[in-house]
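# Chains, contacts and geometry: an overview
As a plain string of letters, each chain reads:
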Amino acid sequence: MTPPVAAGLAAAPGTLASDSATGRPISLADAIRTAQRGAPSAIQARGLVRAGTVAIRGAYAQFLPAVQVSGGLTRQINVTPRV
């Protein structure tokens, strides 16, 4: 006996298969979209796009002026010596 998902994917386009985790019907287009989204090459491509975006933001940030802030506190207690 074939699983419901495999049977639904082998059927004609537009038919519904059953999601094995929830039991809800999914279309062939949804199954393909989910498979493409979870593909290792797609995940790697999204990571490369994210890394490129970070690199661009870093390059723009180098043109901004640097601001440095420092602070200090000194406390002096005047004690008179006793003789």
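Bringing the overall build of the protein chain into the picture now. Helix and strand content of the protein chain: three helices and two strands. Shown N-terminal to C-terminal, the secondary structure of the protein chain runs as helices and strands in the order α-β-β-α-α. Counting only carbon and sulfur atoms, one obtains 62% of the accessible surface of the protein chain, whose full area is about 7700 Å².

Another point: the confidence of the model for the protein chain. Per-residue confidence for the protein chain gives a mean pLDDT of 79, with 76% of residues at or over 70. When pLDDT is averaged over each element of the protein chain, helix 3 (residues 40-61) comes out on top at 94 and helix 1 (residues 4-10) at the bottom at 46.

This brings us to the pattern of salt bridges. Side chains that carry opposite charge are capable of pairing whenever their charged atoms lie near each other. For the structure on display, the rule yields one salt bridge. A salt bridge links R33 to D30; the shortest N-O distance between them is 2.7 Å. Placement of the pair is R33 and D30 together in helix 2 (residues 28-37), with a separation of three residues, close to one helical turn. Judged by relative accessible area, D30 falls into the partly exposed class, the value being 30%.

Reading guide: rules and limits
Residues numbered from 1 in each chain as written. Predicted model: local features only at pLDDT ≥ 70, side-chain atom pairs only at ≥ 80, totals over all residues. Heavy atoms only, no water. Helix = DSSP H or I, 4+ residues; strand = E, 2+ residues; numbered from the N terminus. Areas by Shrake-Rupley, 256 points an atom, 1.4 Å probe, with all protein chains shown as cover. pLDDT = per-residue confidence, 0-100. Salt bridge = Lys/Arg side-chain N within 4 Å of Asp/Glu carboxyl O. Buried < 20%, exposed > 50% of the residue type's maximum accessible area, 1.4 Å probe, protein only.

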